[in-house]
Structure formats: C-alpha cells, structure tokens
Number of protein chains: 2
Amino acid sequence: MMAAVNRKNAAPTIRAVASEAGVSVATVSAVINQTRFVSAETARRVNEAIKRSGYRPNRLARGLSTRETKTIGIVMPTILSPIAPLLLKSAADVLHEHGYAVLFSNTEMQTTWEEQAIELMFDSQVDGLLVVPASETLESLKLFSDARKPVVLLLHGLEGASGCDVIRSGNFRGSFDAVNHLIGQGARRIAVLALPLVSESEKDRMNGFRTGVLAAGRTLDPELMRVGAPSESGASEDHGYRETLRLMDLDDPPDAIFAMNQYMAIGSLSALKELGLRIPTDVALVGYDDLIWTKNLEPPMSVVAQQVELIGRMGATRLVHRLAENNHHSPAESVTVDTQLIIRASSNRDALTPSIDMENTPK
Amino acid sequence: MMAAVNRKNAAPTIRAVASEAGVSVATVSAVINQTRFVSAETARRVNEAIKRSGYRPNRLARGLSTRETKTIGIVMPTILSPIAPLLLKSAADVLHEHGYAVLFSNTEMQTTWEEQAIELMFDSQVDGLLVVPASETLESLKLFSDARKPVVLLLHGLEGASGCDVIRSGNFRGSFDAVNHLIGQGARRIAVLALPLVSESEKDRMNGFRTGVLAAGRTLDPELMRVGAPSESGASEDHGYRETLRLMDLDDPPDAIFAMNQYMAIGSLSALKELGLRIPTDVALVGYDDLIWTKNLEPPMSVVAQQVELIGRMGATRLVHRLAENNHHSPAESVTVDTQLIIRASSNRDALTPSIDMENTPK
DNA sequence: TTGTACGCGTTATCAT
DNA sequence: ATGATAACGCGTACAA
C-alpha cells in the first residue's frame with residue numbers, strides 16, 4: 001500500500017513537496033515565505049520540487065494559520081452609479097498592488113443585503129473593509145470593530161461609525177459652490193432636483209444648497225425644492241424630465257436648476273429643450289458628476305465634479321497602511337476630498353458672446 | 001487556571017459554543033448545517049449558545065474542510081468599459097442570490113496581471129471562474145481544468161480554452177447588420193473605426209464588417225479601415241475624432257462611418273459636426289453599445305447594442321448549475337447572445353422628413 | 001541549519 | 001441521538 005500522499009487528482013500539498021525534496025515541511029515553508037535561513041543547496045532542491053509538482057500554496061490554509069487572509073472586502077450600494085466603477089477600480093488597483101485579493105459585493109441599495117454582505121465578508125475573514133454606505137446605520141460593522149479590523153468609509157460617513165476612517169467627498173461645499181455660481185450668473189430663483197435624503201451625501205448636498213441660497217440673502221421656496229428621485233438611471237432621468245416640466249409650469253418658474261445627479265440633469269435638459277427654452281439664457285443648469293459624455297451634450301453641461309479616483313485611492317491606501325503598521329489603534333481619521341465646479345455653457349451666461357467653446361473640442 | 005477557550009478578544013469558535021451548550025462540536029455542526037437529526041431540546045440549547053456567544057462560522061475553515069468555498073472569481077480586463085459594470089452587476093447578483101461570495105479582479109488590460117489574477121483566485125480556492133478574456137490565450141486557466149473546476153468565458157471565446165463554457169456576444173452579426181443597414185440607407189463608401197484586433201470580439205466585429213461590405217458587392221478600401229484605437233475612454237474619443245478628420249480629408253471621403261466602440265463614435269461625431277457636415281445626410285454614423293446617454297446626443301446615435309445584462313446572468317447561472325449538479329463533466333456549452341441594431345437619427349436617412357423623434361422624448 | 005509536532009476552525013467518519 | 005477524533009493545508013514554537 002502507498003502512503004496517503006497521492007490521492008488521485010488532488011493538488012500537491014506542502015507535505016508532498018517536502019517529501020519530494022527530502023526535507024521537512026518547515027523548511028519548505030521557510031523557503032516559500034523567506035521566514036528563516038535555508039542553505040542554498042536545500043533551497044534549490046525545494047524550489048525544484050515546487051516547480052516539478054506545480055505546487056501552489058493554499059491561501060485558505062495559510063489564512064487559517066496566520067489569521068491574515070490578505071483579502072479585503074469592498075461593498076457598494078450599486079456598481080451602476082456613474083462614479084462607482086472608477087471608485088472600485090482605483091481602490092482595487094491599489095489593493096492588488098499590495099498583494100490583496102478583493103472580495104466584492106454589490107448590495108443594490110437593499111438595506112438588509114448590505115448588512116448581510118458585510119457579515120459575509122467578515123465570515124470570510126477579510127483583513128479589512130472598504131464601504132460606501134447606503135443605509136443610515138450599519139449594525140454589522142460592529143463585527144469589525146469588535147475584531148479590531150479596520151474599516152474605511154468612502155464618499156460619506158455613517159451614524160454610529162465613529163471608529164472608522166472616512167474619506168468624504170465635499171458634498172456640502174460642492175452644492176454651495178454651484179448655488180453661488182448660479183447666483184453670480186444672475187439667477188434669481190434657483191430650483192433643486194434632489195436625491196432622497198438618506199445618506200450623509202445627499203443631506204450634505206441639500207444643506208449646501210440651502211446654505212448657499214440663504215447666505216445670498218434669498219429665501220428658500222419649498223415649491224422649488226423637489227426631493228426624492230429614483231436611483232435607477234432611466235427612472236431618474238424620467239424624474240428629472242417630469243419635475244422640470246412641473247417647475248416651468250409654476251406661476252413664477254425658476255431661472256436656474258441644480259440637479260443633484262447627472263441622470264436627473266439630463267432629463268431636465270430634455271425637458272427644457274422640449275419647452276423651447278434657451279439654456280442658459282432662460283434657465284441655467286448645473287448637474288453633478290463629470291461623466292465622459294457630459295461635455296458632449298448640447299449645450300455642454302456644467303457640473304459639480306467629485307474626485308472619485310482620488311477618493312478610491314486614498315481609501316485603499318489608508319486601509320493598507322493600517323494593516324501594515326498594525327496601526328489599528330490610532331484614532332480614526334476623517335478627510336474630505338474637495339469637489340470641483342466645472343463651468344460649461346449650460347450655466348455660463350457671461351460667455352454668451354459668440355466664442356469657441358474649448359471644452360467641446362478634443363485636443 | 002482556565003481552559004484555553006477564552007483567549008482575550010478572539011472570536012468564539014465552534015468548540016466554545018459546544019462547551020457552552022454542553023454538547024460536542026459534532027452536534028453544533030449538525031444543527032448549523034442541518035446535516036443530521038438533532039433533538040429539539042438539544043438544538044434549542046445549541047442555538048441559544050450560538051446567539052449568546054455571537055458565534056459565526058469561519059468560512060476559511062469550512063472551505064478547508066469541505067473543499068468548497070462558496071466563492072467564485074470574476075476577472076475582467078477593465079471595469080471602466082461602458083458595459084463592464086452591468087456585466088459585473090448582473091453576474092454578481094445571480095451569484096449572491098445563490099450564496100456565493102465574489103472575488104473580483106480588474107486586470108486593467110495587463111496580460112501578465114490577468115494570468116496572475118487567475119492564479120490568485122485559484123490559490124484562493126474559488127469554486128469556479130467567470131472571465132472576460134483580454135489576452136489571446138490564458139495559460140493559467142489550465143489550473144482550473146486540471147482541478148476540474150468550471151470556468152465560463154464571457155463576451156467571447158479564447159484560443160485553447162475548449163473546455164470552458166462560453167457566453168458570446170453576437171459581434172459578427174452585429175457589425176454585419178450595421179453595414180447592411182448603412183448600405184440600405186444608400187451609403188456607398190463605409191469607413192470603419194476598429195479596435196485593435198486582439199480578442200475574438202474585435203476580430204469578429206471586423207469580420208462582420210468585411211463580410212457585410214463584400215456581400216453587398218462592394219470592395220474593401222484599406223484607406224477606409226482604421227484599425228487600432230486606444231482603450232482608455234478619453235484617448236479613444238480623441239482617436240475617433242482625429243481619424244474622422246483624416247477620413248473626411250481623403251480625395252474620396254466616406255459617406256458613412258461605423259465606430260466599433262462608443263467613445264470613438266463620440267469623437268467621430270464631434271469631428272463631423274466641427275466640419276459642418278450634416279448627419280446623416282452627408283455622413284451616416286453608427287456606434288457600438290447603447291449607453292444611457294447615446295440617445296441624448298445630437299443627433300441621437302444609432303448603435304449595435306449588446307445584451308450585456310443577459311450575458312452576465314447567463315454566465316453566472318451556467319456556473320451555478322455546473323457547481324450544483326456536479327455537472328463538471330458534461331461537454332462545454334457555447335451560446336451566442338444576439339446583438340440588437342438600434343436605429344436612430346444619426347443613420348436614418350429615411351426619416352429625414354421632419355417628424356418627432358420618439359427616442360429622444362422621455363415617456 | 002533543519003525537523004517535530006501542535007494549532008488554526010471546520011466537517012465528516014467512525015463509534016456508541 | 002450524540003460524541004471522539006481524524007483530516008483539511010499551512011505556519012511556527014520548540015527541539016535538536
């Protein structure tokens with residue numbers, strides 16, 4: 001009978017390599033992880049055995065033993081939002097560069113699933129977590145704080161998650177700047193198409209808007225504030241379209257519209273054009289997020305742009321550092337990444353004198 | 001002295017639960033996995049102990065023992081392509097519904113990294129793999145076939161991967177239909193802006209174009225075939241812009257352009273408008289992939305649309321079924337999901353009589 | 001410089 | 001109906 005070494009078709013284990021090379025498993029482990037000195041000759045034999053057998057270390061077993069999986073979880077409410085792919089990519093790139101695998105979960109805005117996704121990642125023993133929170137609060141994050149595993153929040157904070165690092169996007173300031181810009185362009189009545197005020201981001205955007213209006217000595221007209229758009233892109237666009245028609249049907253319609261996501265902005269644009277209104281002369285328009293095609297619209301649209309890539313990179317980097325330095329105890333850090341107001345024709349009354357629109361011309 | 005059960009701050013193990021409930025670990029395991037009968041009373045005690053201790057099964061340990069991780073890997077060349085997010089979402093949704101975790105890797109078009117990513121997933125003991133191949137061949141997939149682990153290819157096949165299921169997109173037919181449509185609109189000289197011919201998708205698209213032209217009794221003019229665009233969106237757009245300017249500068253310029261990705265199509269559109277050409281009268285234009293904003297361009301753009309969501313769902317479903325039925329040996333399946341030609345104003349000369357463009361009007 | 005043996009947290013195979 | 005205990009594949013004290 002043969003030793004229990006060669007179960008048919010099973011992947012070779014470290015033990016198989018050890019016996020193949022005529023050394024102990026400790027030695028094999030040592031040469032793989034460079035964890036202690038091994039004589040050149042022994043190392044050579046081991047490496048040869050590894051190559052011959054096609055041995056590959058089992059990350060599960062390693063993780064079980066070391067209590068480190070070199071895996072981090074990323075959970076976001078929807079990968080279909082226009083900025084999500086870049087956020088995922090920039091974060092994942094950094095993580096991959098540092099040898100981490102990425103466990104991903106799209107929670108599709110479902111509160112319960114968001115919790116479950118986080119639990120799933122915890123159970124998978126991820127070393128840390130990157131979260132774009134959708135809910136107002138996340139019970140399951142307690143699992144991570146109890147286990148002293150680092151969590152970094154992206155885009156906005158979360159109630160009761162004071163222990164987490166947060167890489168915020170400057171939503172308040174972004175809206176505030178947009179309103180100021182519109183006022184500077186002579187807008188008297190500014191309408192807003194806002195998202196449902198659930199997460200910090202949306203609240204901040206709305207507060208920025210309010211503050212901007214009030215700070216300019218204007219009053220807030222509830223009729224001009226349409227809160228609560230569907231999140232799905234097509235539905236959101238329809239919403240922007242319809243609400244704009246209603247707004248322009250008011251006795252005293254707005255002469256500027258600030259849409260807090262880009263799909264609503266597009267719908268709004270369609271409606272304005274359909275009504276035969278001149279943009280920005282009759283109504284100035286500012287949207288949110290600078291997507292690749294935003295500048296190709298007619299007219300090119302002004303937007304509040306978030307530095308999505310930077311946010312993703314910073315979040316991942318923060319996590320990697322915490323993990324590397326066993327930096328689990330230093331106080332949570334909070335950073336806000338500024339937004340940038342990009343002014344294009346849709347809101348630029350100053351530039352109405354015929355001129356070349358540089359933005360619309362590829363280099 | 002106390003038993004080695006309560007290492008400070010360590011997560012409770014199945015052993016802790018067992019002793020807490022006064023039963024053996026086998027019993028605890030049994031109630032968790034419903035793997036054998038347990039008396040109601042015992043089960044109650046166990047469940048209580050689980051709840052009290054906050055015990056959560058360790059998926060690593062479970063995977064090590066069962067050789068099933070309930071995790072599948074998804075690797076794609078870039079999440080920034082316009083169709084990638086939907087592909088990821090639709091696949092991940094199906095997988096999540098079936099209790100699978102998703103290990104994700106963006107390989108950013110790097111051939112070596114693509115291999116490494118697949119190896120990483122293999123080492124992580126994923127149960128199966130979903131791949132959008134970027135390279136012409138993938139050595140590392142051999143790891144999976146050797147281990148009899150299922151792999152499903154998405155969007156297009158791969159040389160030497162005959163063992164894998166493939167959910168193809170109908171690229172050949174898509175291009176073929178586009179050309180036929182343009183010819184039907186009276187186009188005499190059709191130019192093409194093609195992607196680098198590396199993966200099967202791009203080759204198929206190009207072949208569809210060639211076949212369409214030849215089948216109509218026309219000849220292929222190399223001057224009208226511009227192959228090799230950058231993959232990054234902005235660069236791709238610039239490329240489309242520049243190549244279009246050159247095309248229109250020919251002695252005998254084209255009267256129709258087929259752009260094989262949507263960014264090139266946008267660049268092309270910019271160039272045509274800048275040249276003061278009428279679309280589709282002077283030049284008809286057809287792009288690829290129906291993005292949310294494609295219909296909002298001026299004029300709304302015709303495209304070859306891929307059924308991305310369906311492809312993602314089918315791929316994930318196929319994988320889940322193979323896993324569920326231990327269906328690892330049935331022959332590889334190959335399916336092609338049809339593309340759909342969506343005709344809009346940019347190529348529709350028939351509809352040039354003034355009329356309402358329904359597509360451009362939200363419901 | 002290298003080897004032995006135990007632990008990581010489960011599941012699964014025997015017994016009982 | 002339940003309990004002991006051997007895998008699973010690896011890292012790592014502790015020995016030698």
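(A) Region of interest: the relation of the copies chain B and chain A. Overlaying chain B on chain A yields an RMSD of 0.1 Å, the required transformation being a rotation through 180 degrees with an accompanying axial translation of 0.0 Å. Considering both components of the superposition, the chain copies are consistent with a two-fold axis. Ranked by how close their C-alpha atoms come to the rotation axis, the residues of chain B are headed by Leu103 of chain B, at 2.2 Å. A high fraction, 100%, of the interface residues of chain B reappear at the interface in chain A, so the copies pair face to face through one surface.

(B) Spotlight on the protein's contact with DNA strand D. Near DNA strand D there are 29 residues, and of these Ile14 and Tyr55 of chain A together with Thr27, Thr42 and Arg67 of chain B occur at the shortest range. Taking the atoms of DNA strand D that fall within 4 Å of the protein, sugar and phosphate contribute 68% of them. In this structure, Ser29 of chain A approaches DNA strand D through a side-chain N or O atom, which is 3.2 Å from a phosphate oxygen. Backbone polar atom of Ala61 of chain A to a base nitrogen of DNA strand D: 3.4 Å apart, as the coordinates give it.

(C) Focus on the packing of aromatic side chains. All names here are of chain A. Tallied over the entire structure, the rule returns seven aromatic pairs over all chains. With a centroid separation of 6.3 Å and 10 degrees between ring planes, the pair formed by Phe172 and Phe176 is classed as stacked. Of this pair, Phe172 and Phe176 are both found in helix H8 (residues 171–184), four residues apart, which corresponds to roughly one turn of the helix. Above the ring of Tyr288, the side-chain terminus of Arg205 is found at 3.7 Å from the ring centroid.

(D) Inspection of the nonpolar core at higher detail. Counting residues in hydrophobic clusters, the biggest one holds 56 residues, and the most contacted among them are Leu130 of chain A together with Leu130 of chain B. Leu130 of chain B has contacts with Ile72, Gly73, Ile74, Val75, Ala91, Leu95, Val152, Leu154, Gly315, Ala316 and Leu319 of chain B, leaving out every residue within four places of it along the chain. Within the second largest apolar cluster, 44 residues are counted, among which are Val283 and Leu291 of chain A together with Ile257 and Met301 of chain B.

(E) Region of interest: the domain arrangement of chain A. What the domain assignment lists for chain A is domain 1 (14–57), domain 2 (70–170 + 309–337) and domain 3 (171–305). Here the C-alpha centre of domain 2 of chain A lies 37 Å away from the C-alpha centre of domain 1 of chain A.

Each value, and the rule that gives it
- Residues numbered from 1 in each chain as written.
- Chains lettered and ligands numbered in written order.
- Predicted model: local features only at pLDDT ≥ 70, side-chain atom pairs only at ≥ 80, totals over all residues.
- Heavy atoms only, no water.
- Least-squares fit on C-alpha atoms with pLDDT ≥ 70 in both.
- Contact = heavy atoms within 4.5 Å.
- Near = heavy atom within 4 Å.
- Polar contact = N/O pair within 3.5 Å; in protein donor to acceptor, adjacent residues only side chain to side chain.
- Phe/Tyr/Trp six-rings, centres within 6.5 Å; stacked < 30°, edge-to-face > 60°.
- Helix = DSSP H or I, 4+ residues; strand = E, 2+ residues; numbered from the N terminus.
- Lys NZ or Arg CZ within 6 Å of the ring centre and 35° of its normal.
- Core = buried A, V, L, I, M, F, W, Y, C linked by side-chain atoms within 4.5 Å.
- Buried < 20%, exposed > 50% of the residue type's maximum accessible area, 1.4 Å probe, protein only.
- Domains from an automatic or database assignment.

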